Amino acid sequence: MSSFNIETLKKEYEQILSQINKSGQNLNWEEMQDVLKRKGELEKILEVYNTLQEVEKKIKESQEILEKEKDIELISLAEKEIESLTKERKELEEKLEKLLKKEREKDKGIDTSCLIMEIRAGVGGEEAALFATDLFNMYTKYIQSKGWKINVLDSNRTDLGGLKQIIFEVKGDDVYNKLKYEGGVHRVQRIPETEKSGRIHTSTASVAILPKPSFKKILINPADLKIETMRASGAGGQYVNKTESAVRVTHIPTGIVVKCQSERSQLQNKENALKILESKLLEYELSKQLEKISKERREQIKKGERADKIRTYNFPQDRVTDHRIQKNWYGIGKIIEGDLDPIIEELEKSLQ
């Protein structure tokens, strides 16, 4: 980010301090929480930036000593100081870039602290539904290991306990940037428990990462919505089939349709459906923006689209392969239990 943008953030921070001093008492509790949250975000960025400036100043001073000094011991000390400071500078630059990355996402209207994930069984019948369940369990364990929160919005199970579909909300620090590269078609190769002949089956499940809009970025006109109620379908007992608790919401201008049926309350299903619709509308807007960017950039972004096969979980060979970066990881048992950090870190380096 340019120094101009850093200066912009400094000005915003000064304005927040002035707002707290002058009109803090006039703000309600919710408004004050928003102001304090933003203050904390800016303080993190400016603290790292200021420390980076100090380190660069020290490096320059040490370089000047090398140019002028003739004493061997002092030269040696200056060289060691430059080596240490250069390492610190690199770490600070990486930390600053991560913080500024969040700011750039906000400029797109994305709330990086929240997202909606959708997992659907693909090709492979019941085995695909069981694989979708495995993926959900894998992400749940990873999310819990990070201290993030997960809230299931809707799900549809098969009679054998597999998942036809599950949609859930994830909240936590920088969850969007950590999970956004998980979107795509995931493929599994293994021998299903129901396979008597021992043949290896190939099944798929799709994962969609839907960004959540930042505050007041997506406005939905109630007049643009067609809301219908119906009986829930699928596994779940007799209750769901006897009441019209399921809700289907159609956004007329875009044709986007969302259906929720997992809750017994029609009102709760409606609220969950609107949450999902809000995220899908933001995804729709972002996809339109991608059409305006260069072909080279669009090809890079394409690597994250859910239509592309992105990853294979090969159980017989104990291997997970991410096809976008052509890299393998072994120890599939640990990975399917939520040990995703090595994969996610590599994707962050390669696909940014």
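Enquirer: I would appreciate a short explanation of the nonpolar core in the present structure.
Expert: Across soluble globular proteins, nonpolar side chains show a tendency to be buried alongside one another. Among the nonpolar cores identified, the biggest contains 55 residues, and Met117, Ile119, Leu135, Tyr139 and Tyr313 are the most heavily contacted of them. Of the residues forming this core, the biggest block, eight residues, is contributed by helix α4 (residues 125-145). Core analysis: the second largest hydrophobic core is formed by 18 residues, Ile6, Ile45, Ile59 and Leu85 among them.

Enquirer: Help me understand the pattern of salt bridges in this model?
Expert: Pairs may arise between side chains of opposite charge once their charged atoms sit close together. One pass over the full model with this rule turns up 20 salt bridges. A salt bridge links Glu43 to Lys39; its shortest N-O distance comes to 2.8 Å. Of the two residues, Glu43 and Lys39 are both situated in helix α2 (residues 29-68); the distance of four residues between them amounts to about one turn of the helix. The residue Glu169 makes a salt bridge to Lys212 at a minimum N-O spacing of 3.7 Å. Note that Glu169 is positioned in strand β3 (residues 163-171) and Lys212 in strand β5 (residues 201-213), a separation of 43 residues in sequence. Of the two residues, Glu169 and Lys212, both sit in the buried class. Within the structure, one salt-bridge network assembled from shared partners comprises Glu12, Arg38, Glu41 and Glu103.

Enquirer: Can you walk me through the sheet that holds strand β7 (residues 246-251) in this structure?
Expert: In a beta sheet, neighbouring strands are held together by backbone hydrogen bonds and run either parallel or antiparallel to one another. Spatially, β6-β7-β8 is the arrangement adopted by the three strands of the open sheet, whose pairing is antiparallel. The open sheet is flanked by β6 (225-230) and β8 (256-260), the only strands paired with a single partner. Across the sheet, the mean angle from the axis of one strand to that of its neighbour is 15 degrees, orientation sign disregarded. Two strands pair when backbone bridges link them, and β7 and β8 are joined in this way by five bridges, in the antiparallel orientation. Across the sheet, residue His251 finds its bridge partner in β8, namely Ile256.

Enquirer: Is there a simple way to explain the environment of Asn5 in this structure?
Expert: Mapped onto the elements of the fold, Asn5 is located in helix α1 (residues 3-23). In this structure Asn5 comes out as partly exposed when scored by relative accessible area, which is 30%. With 95 residues separating them along the chain, Asn5 and Leu100 place their C-alpha atoms 9.7 Å apart.

Enquirer: Could you clarify how one ought to interpret the pairing of β8 in this entry?
Expert: In the case of a regular strand, side chains alternate between the two sheet surfaces. Covered by surrounding structure in β8 are Ile256, Val258 and Cys260 only, the residues Val257 and Lys259 on the alternate face being uncovered. In sequence, β7 turns back onto β8 through a hairpin of four residues, with Gly255 there showing a positive phi of about 80 degrees.

Enquirer: How do you make sense of unusual backbone geometry when you look at a structure like this?
Expert: Peptide bonds are trans in most cases, and residues, glycine excluded, mostly fall at negative phi. Positive phi, close to 60 degrees, is recorded for Asp174, a residue that is not glycine. Looking at the element boundaries, Asp174 is found in the loop between β3 and α5 (175-179). Phi is positive for Gln326, which is not a glycine, with a value near 50 degrees. Its place among the elements puts Gln326 in the loop between β10 (319-322) and β11 (327-330). Residue classification places Gln326 among the exposed positions, given a relative accessible area of 63%.

Cut-offs and rules
- Residues numbered from 1 in each chain as written.
- Predicted model: local features only at pLDDT ≥ 70, side-chain atom pairs only at ≥ 80, totals over all residues.
- Heavy atoms only, no water.
- Core = buried A, V, L, I, M, F, W, Y, C linked by side-chain atoms within 4.5 Å.
- Buried < 20%, exposed > 50% of the residue type's maximum accessible area, 1.4 Å probe, protein only.
- Helix = DSSP H or I, 4+ residues; strand = E, 2+ residues; numbered from the N terminus.
- Salt bridge = Lys/Arg side-chain N within 4 Å of Asp/Glu carboxyl O.
- Pairing = 2+ DSSP bridges.
- Axes fitted to C-alpha atoms, helices over the stretch in contact; angles between N-to-C directions.

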